[in-house]
Amino acid sequence: MERPQHVAAVVLAAGESRRFGSPKQLAQLDGRTLLEHVLELARAAELDPVVAVVPVWLSRPASMDDERLRWVRNPHPERGMSHSLRLGFAALPRDVEAAVILLGDQPSVGLATIGRLLLARGERPLIATRAEGRMAAPVLVDRSHFGVVEQPSGDIGLREVLASHPEWVLAVDVERAPSDVDTPDDLARIGHMFDSEAGKRR
(Lines give C-alpha, C1' and ligand atoms only; values in the text may rest on other atoms or scores of the structure.)
Protein backbone atom coordinates (compact mmCIF):
# COMPACT_ATOMS: atom_id res chain seq x y z
CA MET A 1 0.00 0.00 0.00
CA GLU A 2 1.30 3.45 -0.90
CA ARG A 3 2.11 5.47 2.20
CA PRO A 4 -0.75 7.94 2.91
CA GLN A 5 0.36 11.53 3.29
CA HIS A 6 -0.21 12.94 6.77
CA VAL A 7 -2.96 10.48 7.72
CA ALA A 8 -2.90 9.28 11.32
CA ALA A 9 -4.67 6.56 13.27
CA VAL A 10 -6.56 7.05 16.51
CA VAL A 11 -7.02 3.69 18.23
CA LEU A 12 -9.65 3.67 20.98
CA ALA A 13 -8.68 1.06 23.57
CA ALA A 14 -9.53 2.49 26.99
CA GLY A 15 -12.75 0.56 27.58
CA GLU A 16 -13.48 -1.02 30.95
CA SER A 17 -14.20 -4.52 29.52
CA ARG A 18 -17.23 -5.03 31.77
CA ARG A 19 -18.80 -7.74 29.61
CA PHE A 20 -15.50 -9.46 28.93
CA GLY A 21 -14.74 -9.98 32.63
CA SER A 22 -11.03 -9.11 32.40
CA PRO A 23 -8.99 -6.50 30.50
CA LYS A 24 -9.68 -7.41 26.90
CA GLN A 25 -6.83 -5.19 25.72
CA LEU A 26 -4.58 -8.02 26.95
CA ALA A 27 -6.67 -10.92 25.64
CA GLN A 28 -4.63 -13.21 23.40
CA LEU A 29 -5.53 -13.90 19.80
CA ASP A 30 -3.21 -15.81 17.48
CA GLY A 31 -0.18 -15.12 19.68
CA ARG A 32 -0.76 -11.40 20.19
CA THR A 33 -3.06 -9.21 22.23
CA LEU A 34 -6.18 -7.73 20.67
CA LEU A 35 -4.66 -4.27 20.89
CA GLU A 36 -1.43 -5.38 19.23
CA HIS A 37 -3.44 -6.71 16.28
CA VAL A 38 -5.08 -3.32 15.75
CA LEU A 39 -1.83 -1.39 16.23
CA GLU A 40 -0.13 -3.67 13.70
CA LEU A 41 -2.96 -2.98 11.24
CA ALA A 42 -2.43 0.77 11.59
CA ARG A 43 1.29 0.35 11.15
CA ALA A 44 0.85 -1.90 8.10
CA ALA A 45 -1.44 0.73 6.57
CA GLU A 46 1.42 3.25 6.98
CA LEU A 47 -0.70 5.53 9.18
CA ASP A 48 1.48 7.99 11.06
CA PRO A 49 1.34 8.69 13.92
CA VAL A 50 -0.63 5.91 15.57
CA VAL A 51 -2.29 7.38 18.66
CA ALA A 52 -3.46 4.69 21.09
CA VAL A 53 -5.84 5.84 23.83
CA VAL A 54 -5.51 3.33 26.66
CA PRO A 55 -6.24 2.90 30.39
CA VAL A 56 -3.70 4.40 32.80
CA TRP A 57 -2.51 0.94 33.91
CA LEU A 58 -1.71 -0.42 30.45
CA SER A 59 1.98 -0.64 29.55
CA ARG A 60 3.22 0.16 26.09
CA PRO A 61 3.94 -3.13 24.27
CA ALA A 62 7.61 -3.71 23.55
CA SER A 63 6.71 -4.96 20.08
CA MET A 64 5.33 -1.50 19.24
CA ASP A 65 8.22 0.57 20.56
CA ASP A 66 8.70 2.89 17.61
CA GLU A 67 8.45 6.62 17.09
CA ARG A 68 5.13 6.39 15.25
CA LEU A 69 3.25 5.16 18.35
CA ARG A 70 1.85 7.78 20.74
CA TRP A 71 0.60 6.30 24.00
CA VAL A 72 -2.22 8.41 25.49
CA ARG A 73 -3.57 7.40 28.89
CA ASN A 74 -7.24 7.97 29.65
CA PRO A 75 -7.76 8.53 33.39
CA HIS A 76 -11.55 8.50 33.02
CA PRO A 77 -12.61 5.45 30.96
CA GLU A 78 -16.00 5.59 32.67
CA ARG A 79 -16.78 8.63 30.52
CA GLY A 80 -16.99 6.39 27.49
CA MET A 81 -15.66 6.29 23.97
CA SER A 82 -16.40 9.96 23.32
CA HIS A 83 -13.87 11.01 25.96
CA SER A 84 -11.23 8.76 24.41
CA LEU A 85 -11.99 10.27 21.00
CA ARG A 86 -11.30 13.77 22.28
CA LEU A 87 -8.08 12.71 24.00
CA GLY A 88 -6.87 10.95 20.87
CA PHE A 89 -7.58 13.81 18.50
CA ALA A 90 -6.04 16.31 20.92
CA ALA A 91 -2.78 14.34 20.68
CA LEU A 92 -2.55 14.57 16.88
CA PRO A 93 0.21 16.78 15.43
CA ARG A 94 -0.84 19.93 13.61
CA ASP A 95 0.39 18.67 10.24
CA VAL A 96 -1.97 15.67 10.23
CA GLU A 97 -4.50 16.10 7.44
CA ALA A 98 -6.86 13.25 8.36
CA ALA A 99 -7.22 10.47 10.90
CA VAL A 100 -8.64 6.96 10.77
CA ILE A 101 -10.55 5.94 13.90
CA LEU A 102 -9.98 2.30 14.82
CA LEU A 103 -11.42 0.36 17.75
CA GLY A 104 -9.04 -1.63 19.89
CA ASP A 105 -11.47 -4.56 20.10
CA GLN A 106 -11.86 -5.02 16.34
CA PRO A 107 -8.87 -7.17 15.31
CA SER A 108 -10.70 -8.50 12.26
CA VAL A 109 -10.53 -5.23 10.31
CA GLY A 110 -8.58 -5.89 7.13
CA LEU A 111 -5.87 -3.83 5.49
CA ALA A 112 -8.02 -3.63 2.36
CA THR A 113 -10.74 -1.84 4.35
CA ILE A 114 -8.29 0.85 5.44
CA GLY A 115 -7.10 1.11 1.85
CA ARG A 116 -10.64 1.77 0.62
CA LEU A 117 -11.10 4.56 3.15
CA LEU A 118 -7.85 6.17 2.07
CA LEU A 119 -8.76 5.91 -1.62
CA ALA A 120 -12.05 7.71 -0.94
CA ARG A 121 -10.37 10.45 1.08
CA GLY A 122 -11.30 13.93 -0.11
CA GLU A 123 -14.72 13.01 -1.49
CA ARG A 124 -16.43 13.89 1.80
CA PRO A 125 -15.05 15.03 5.18
CA LEU A 126 -16.15 11.78 6.84
CA ILE A 127 -15.58 8.39 5.18
CA ALA A 128 -17.26 5.50 7.00
CA THR A 129 -17.39 1.79 6.38
CA ARG A 130 -20.86 0.34 5.79
CA ALA A 131 -21.99 -3.26 6.05
CA GLU A 132 -25.54 -4.60 6.00
CA GLY A 133 -26.85 -1.04 5.75
CA ARG A 134 -25.11 0.19 8.91
CA MET A 135 -22.21 2.61 9.11
CA ALA A 136 -19.54 2.06 11.72
CA ALA A 137 -15.82 2.18 12.45
CA PRO A 138 -13.32 2.40 10.94
CA VAL A 139 -14.07 6.01 10.03
CA LEU A 140 -11.76 8.50 8.33
CA VAL A 141 -12.13 12.11 9.46
CA ASP A 142 -10.68 15.03 7.50
CA ARG A 143 -8.95 17.75 9.53
CA SER A 144 -11.64 20.23 8.46
CA HIS A 145 -14.06 18.22 10.61
CA PHE A 146 -11.90 17.22 13.57
CA GLY A 147 -14.29 19.29 15.68
CA VAL A 148 -16.98 16.61 15.33
CA VAL A 149 -15.29 14.64 18.12
CA GLU A 150 -16.41 17.35 20.54
CA GLN A 151 -20.09 16.59 19.86
CA PRO A 152 -20.70 13.04 21.17
CA SER A 153 -21.04 12.07 24.81
CA GLY A 154 -20.95 8.73 26.55
CA ASP A 155 -20.05 5.54 24.72
CA ILE A 156 -21.51 6.06 21.25
CA GLY A 157 -18.50 7.38 19.33
CA LEU A 158 -19.45 9.13 16.08
CA ARG A 159 -22.59 7.08 15.46
CA GLU A 160 -25.02 9.98 15.94
CA VAL A 161 -22.84 12.38 13.96
CA LEU A 162 -22.82 9.99 10.99
CA ALA A 163 -26.60 9.59 11.20
CA SER A 164 -27.48 13.26 11.67
CA HIS A 165 -25.13 14.75 9.04
CA PRO A 166 -25.39 12.58 5.91
CA GLU A 167 -24.14 15.50 3.82
CA TRP A 168 -20.72 15.08 5.45
CA VAL A 169 -20.50 11.32 5.00
CA LEU A 170 -19.42 8.99 2.23
CA ALA A 171 -20.17 5.34 3.01
CA VAL A 172 -17.72 2.75 1.69
CA ASP A 173 -19.37 -0.65 1.45
CA VAL A 174 -17.51 -3.64 2.87
CA GLU A 175 -18.47 -7.29 2.71
CA ARG A 176 -18.92 -7.73 6.44
CA ALA A 177 -18.89 -5.51 9.51
CA PRO A 178 -15.82 -5.83 11.75
CA SER A 179 -16.57 -8.02 14.75
CA ASP A 180 -16.29 -6.43 18.20
CA VAL A 181 -14.79 -8.54 20.96
CA ASP A 182 -17.11 -7.85 23.90
CA THR A 183 -17.21 -11.29 25.51
CA PRO A 184 -15.00 -14.40 25.70
CA ASP A 185 -17.39 -16.07 23.25
CA ASP A 186 -16.74 -13.26 20.75
CA LEU A 187 -13.01 -13.87 21.13
CA ALA A 188 -13.48 -17.60 20.49
CA ARG A 189 -15.50 -16.91 17.33
CA ILE A 190 -12.87 -14.53 15.98
CA GLY A 191 -10.17 -17.05 16.87
CA HIS A 192 -11.89 -19.63 14.69
CA MET A 193 -12.11 -17.07 11.89
CA PHE A 194 -8.38 -16.33 12.15
CA ASP A 195 -7.64 -20.08 12.08
CA SER A 196 -9.81 -20.51 9.00
CA GLU A 197 -8.19 -17.62 7.11
CA ALA A 198 -4.71 -18.86 8.03
CA GLY A 199 -5.64 -22.26 6.60
CA LYS A 200 -6.76 -20.68 3.35
CA ARG A 201 -3.47 -18.79 3.05
CA ARG A 202 -1.54 -22.02 3.44
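Predicted model only: the values in this text are computed from it and were never measured.

Attention now goes to helix 2 (residues 81–90). Those residues of helix 2 that sit buried are Ser82, His83, Ser84, Leu85, Gly88 and Phe89. Buried positions along helix 2 lie against strand 1 (7–12), strand 4 (50–55), strand 5 (69–74), strand 6 (98–103) and strand 8 (134–142).

Attention shifts here to the pairing of strand 1. Of all six residues that make up strand 1, six are buried, and the element is covered over most of its length. What you see with strand 1 is no split at all: Val7, Ala9 and Val11 on one side and Ala8, Val10 and Leu12 on the other are buried throughout. With six bridges joining them, strand 1 and strand 6 adopt parallel strand pairing. Pairing of valine 10 across the sheet is with isoleucine 101, part of strand 6.

Mapping glycine 191 onto the fold places it in helix 5 (residues 184–201). Of the residues examined, glycine 191 reaches a relative accessible area of 14% and is grouped as buried. Between the C-alpha atom of glycine 191 and that of alanine 137, which follows or precedes it by 54 residues, the distance is 21 Å.

On to the pattern of salt bridges. Pairing is possible between side chains of opposite charge, provided their charged atoms come close. Summed over the entire model, instances satisfying the criterion amount to five salt bridges. Its salt-bridge partner being aspartate 105, residue lysine 24 comes within 2.9 Å of it at the nearest N-O pair. Here the residue lysine 24 occupies a position in the loop between strand 1 and strand 2 (28–29), and aspartate 105 occupies one in the loop between strand 6 and helix 3 (111–120), the gap between them amounting to 81 residues. Residue lysine 24 is classed as buried on the basis of its relative accessible area of 14%. When its relative accessible area of 12% is taken as the criterion, aspartate 105 is described as buried. Between arginine 32 and glutamate 40 there is a salt bridge; the shortest N-O distance is 3.9 Å. The class of arginine 32 is partly exposed, set by a relative accessible area of 32%.

Those residues of helix 3 not exposed but buried are Thr113, Ile114, Gly115, Leu117, Leu118 and Ala120. Each element contacted by the buried residues of helix 3 is listed here: strand 1, helix 1 (34–44), strand 6, strand 7 (126–131), strand 8 and strand 9 (169–173). Looking at the residues trailing helix 3, positive phi occurs at glycine 122, about 100 degrees.

Moving on: the pairing of strand 6. Along strand 6, six of the six residues are buried, which leaves the element largely enclosed by surrounding structure. The two faces of strand 6 match: Ala98, Val100 and Leu102 on one face and Ala99, Ile101 and Leu103 on the other face are all buried. When strand 6 meets strand 8, the two strands line up antiparallel, connected through four bridges. When the sheet's bridge partners are listed, isoleucine 101 is paired in strand 8 with valine 139.

Our next topic: unusual backbone geometry. Between aspartate 48 and the following residue, proline 49, the backbone shows a cis peptide bond with an omega angle of 0 degrees. Relative to the elements of secondary structure, proline 49 occurs in the loop between helix 1 and strand 4. Following alanine 137, the chain continues into proline 138 via a peptide bond in cis, with omega recorded as 0 degrees. By the secondary structure assignment, proline 138 is in strand 8. Phi angles above zero are rare outside glycine, and glutamate 46 is one such case at about 65 degrees. Within the secondary structure layout, glutamate 46 lies in the loop between helix 1 and strand 4. The phi dihedral of glutamate 132 falls on the positive side, at around 55 degrees, and the residue is not glycine. Along the polypeptide, glutamate 132 turns up in the loop between strand 7 and strand 8.

The subject of this paragraph is the nonpolar core. Leu35, Leu39, Leu47, Trp71, Val100, Leu102 and Ile114 are the most contacted members of the largest nonpolar core, which has 29 residues in total. Going through the elements one at a time, strand 1, helix 1, strand 4, strand 5, strand 6 and helix 3 are the ones with two or more residues in this core. Those residues in contact with leucine 35 that lie beyond four places of it in its chain are Val11, Ala13, Gln25, Val54, Leu58, Trp71 and Gly104. Ranked by size, the runner-up nonpolar core spans 27 residues in total, among them Ala8, Val72, Val148 and Val149.

Rules of the game
- Residues numbered from 1 in each chain as written.
- Predicted model: local features only at pLDDT ≥ 70, side-chain atom pairs only at ≥ 80, totals over all residues.
- Heavy atoms only, no water.
- Buried < 20%, exposed > 50% of the residue type's maximum accessible area, 1.4 Å probe, protein only.
- Helix = DSSP H or I, 4+ residues; strand = E, 2+ residues; numbered from the N terminus.
- Contact = heavy atoms within 4.5 Å.
- Pairing = 2+ DSSP bridges.
- Salt bridge = Lys/Arg side-chain N within 4 Å of Asp/Glu carboxyl O.
- Core = buried A, V, L, I, M, F, W, Y, C linked by side-chain atoms within 4.5 Å.

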